[in-house]
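Read off the chains here:
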Amino acid sequence: MDASDKIFSGSIPECYDKLMVPLIFEAYAADTAALAAAYAPASVLETAAGSGAVTRALAPRLAAGARYVVTDLNPSMLDYAAMRQEPDERIEWREADALALPFEDASFDLVLCQFGAMFFPDRPAGYAEARRVLRPGGRYVLSVWDRIEENAFADEITNAVAELFPQDPPRFLARTPHGYHDVARIRADLGQAGFTDIQIRTHEKSSRAPTARLAALAYCHGTPLRNDIEARDASRLPLAIERAAQAITARHGADPVTGKIQAHVIVAAG
């Protein structure tokens, strides 16, 4: 993972929330919220919360007296998430590193992390931190994207943009969001952190966009793929978006467009 892969700043948080969240995150956020709420936790810690898609889905499902601590390493993303959230006295917003959580042992009934573990520089360490702050009998709910070939728009955009930079193709999407997909490795990393009861299920969904261009814009403006492109030649960002849109249209036809997305959803305990 490149250092720039973790930089969600500038216009990225707003573009991410307005474009990427409806495109690929909202459907999984609803499922994650339902899964987490089914355990009726009195205290929840969310790590790598991003722009708050899960937070908005889960908060209404929690009990009136619940404690919900929402964290992210990127202050820009956390600030945007807090701005988007309805006023709620149960929610505490904290800038925090998932690999060094500023909370006491056995503080939470449930820890959740939707599509954040791929960004952890040391995943077993991050998982060990989640386990440390869980109370006995608590659960760690997380999700990660499956390989990029199982996620249509991401794969098509990556290949289209690569053609503009054949000597040094921007590989953010394949390298990081879709770079941690091997189920055996995920299970081993969680086991190394001390979890003994690990359930992993793979869920396929559909990603829909009103236009192919909007899908291309979402990935090229709402993720660090933008940093990847601009580091090579910022003047080619508009062309990258156009080529990406053309690739989606060639595969999925006239607008609106629909593509497959797929992710692993994990519940760990013990």
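Up top is the structure these notes are about.
Conventions we followed
Residues numbered from 1 in each chain as written. Predicted model: local features only at pLDDT ≥ 70, side-chain atom pairs only at ≥ 80, totals over all residues. Heavy atoms only, no water. Helix = DSSP H or I, 4+ residues; strand = E, 2+ residues; numbered from the N terminus. Rg over C-alpha atoms; globule rule 2.2 N^0.38 Å. Buried < 20%, exposed > 50% of the residue type's maximum accessible area, 1.4 Å probe, protein only. Contact = heavy atoms within 4.5 Å. Lys, Arg positive; Asp, Glu negative; His and termini not counted. Charge placed at Lys NZ, Arg CZ, Asp CG, Glu CD. Pairing = 2+ DSSP bridges. Salt bridge = Lys/Arg side-chain N within 4 Å of Asp/Glu carboxyl O. Polar contact = N/O pair within 3.5 Å; in protein donor to acceptor, adjacent residues only side chain to side chain. Axes fitted to C-alpha atoms, helices over the stretch in contact; angles between N-to-C directions. Parallel < 35°, antiparallel > 145°, perpendicular 65-115°, else oblique. Nonpolar A, V, L, I, M, F, W, Y, C, P; charged D, E, K, R; others polar. Core = buried A, V, L, I, M, F, W, Y, C linked by side-chain atoms within 4.5 Å. Left-handed = near helix turned anticlockwise from the far one by under 90°.

S.K.: Just give me the short version of the overall build of the protein, but keep the residues and values in it.
M.R.: For the protein, the count of helices and strands is 10 helices and seven strands. Relative to the globule expectation of 18 Å for 270 residues, the C-alpha radius of gyration of the protein, 18 Å, shows essentially globular dimensions. If you line up the protein on its principal axes, its C-alpha atoms span 50 × 40 × 30 Å. Across the 270 residues that make up the protein, the buried fraction comes to 54%. For the protein, contacts bridging at least 24 residues in sequence account for 80% of all contacts bridging at least 6. Where the 28 positive side-chain charges of the protein centre and where its 36 negative ones centre are 3 Å apart.

S.K.: Tell me about unusual backbone geometry, and name the residues and values.
M.R.: The omega torsion across Asp255 and Pro256 is -5 degrees, close enough to zero to call that bond cis. Take Pro256: it is sitting in the loop between helix 10 (237–252) and strand 7 (257–269). Notably, Ala40 is not glycine yet its phi reads approximately 50 degrees, a positive angle. Non-glycine residue Ala106 carries a positive phi angle of around 50 degrees.

S.K.: Give a description of the pairing of strand 7 that names residues and reports values.
M.R.: Most of strand 7 sits out of view: 11 of its 13 residues are buried. In this structure, strand 5 (residues 134–145) lies alongside strand 7, joined through six bridges in antiparallel fashion. Each bridged residue has a counterpart across the sheet, and for Val144 the counterpart in strand 7 is His264. Sheet analysis places strand 6 (residues 197–209) next to strand 7, joined by 13 bridges and oriented antiparallel.

S.K.: Could you give an account of the pattern of salt bridges, with specific residues and numbers?
M.R.: Counted under the stated rule, the structure contains 19 salt bridges. One salt bridge connects Asp109 with Arg135, and the closest N-O pair in it is separated by 3.1 Å. You can see Asp109 sitting in strand 4 (residues 108–114) and its partner Arg135 sitting in strand 5, a full 26 residues away along the chain. A residue is classified by how much of its surface remains accessible, and Asp109, at 26% relative accessible area, is partly exposed. For Arg135, a relative accessible area of 33% translates into the label partly exposed. Taken together, the salt bridges that share partners define one network made up of Arg147, Glu149, Glu150 and Lys260.

S.K.: I'd like a rundown of the side chain of Glu129, residues and numbers included.
M.R.: As for its placement among the helices and strands, Glu129 is situated in helix 4 (residues 123–133). Among the polar contacts listed, one links the side chain of Glu129 to the backbone nitrogen of Leu101, at a separation of 2.7 Å. For Glu129, the contacting residues outside a window of four places in its chain are Ala98, Leu99, Ala100 and Leu101.

S.K.: I'd like a description of the sheet that holds strand 4, backed by residues and values.
M.R.: A sheet is described by the order of its strands in space; here seven strands give the open sequence 3-2-1-4-5-7-6, paired in mixed fashion. Two strands in the sheet have a free side with no partner beyond their single neighbour: strand 3 (91–95) and strand 6. Ignoring strand direction, the axes of neighbouring strands in this sheet form an average angle of 20 degrees. Relative to strand 3, strand 2 (residues 67–72) runs parallel, the two being bridged by five bridges. Within strand 3, the position partnered with Thr71 by the bridge is Arg94. Against the sheet, helix 1 (residues 12–37) engages strand 4, strand 5, strand 6 and strand 7, with an angle of about 145 degrees to strand 6.

S.K.: With reference to specific residues and values, describe the packing of helix 8 (residues 212–221) against helix 9 (residues 225–233).
M.R.: Between helix 8 and helix 9, the least distance of the axes is 6 Å, while the angle of their chain directions is 75 degrees. In this view, helix 8 runs roughly perpendicular relative to helix 9, as classed from their interaxial angle. On helix 9, the residues that touch Tyr219, Cys220 and His221 of helix 8 are Leu225, Arg226 and Ile229. Grouping the constituent residues of the contact of helix 8 with helix 9 by class yields four nonpolar, one polar and one charged.

S.K.: Just give me the short version of the nonpolar core, but keep the residues and values in it.
M.R.: Core analysis: the biggest nonpolar cluster contains 88 residues, and Leu58, Tyr127 and Tyr140 have the highest contact counts within it. Considering every element that reaches this core, the biggest residue donor is helix 1, with 13 residues. In contact with Tyr140, not counting residues within four places along its chain, are Val111, Cys113, Phe120, Tyr127, Ala130, Leu134, Leu190, Phe195, Ile266, Val267 and Ala268.

S.K.: So what about the packing of helix 4 against helix 7 (residues 183–192)? Which residues, and what values?
M.R.: At a closest axis distance of 8 Å, the pairing of helix 4 and helix 7 adopts a crossing angle of 50 degrees. In this view, helix 4 runs oblique relative to helix 7, as classed from their interaxial angle. Remark: the crossing between helix 4 and helix 7 carries right-handed chirality. Taken together, the residues of helix 7 that come into contact with helix 4 (itself represented by Arg123, Pro124 and Tyr127) are Arg185, Asp189, Leu190 and Gln192. Looking at the contact of helix 4 with helix 7, its residues break down into three nonpolar, one polar and three charged.

Everything listed here is a matter of coordinates, which is why it stays silent on function.
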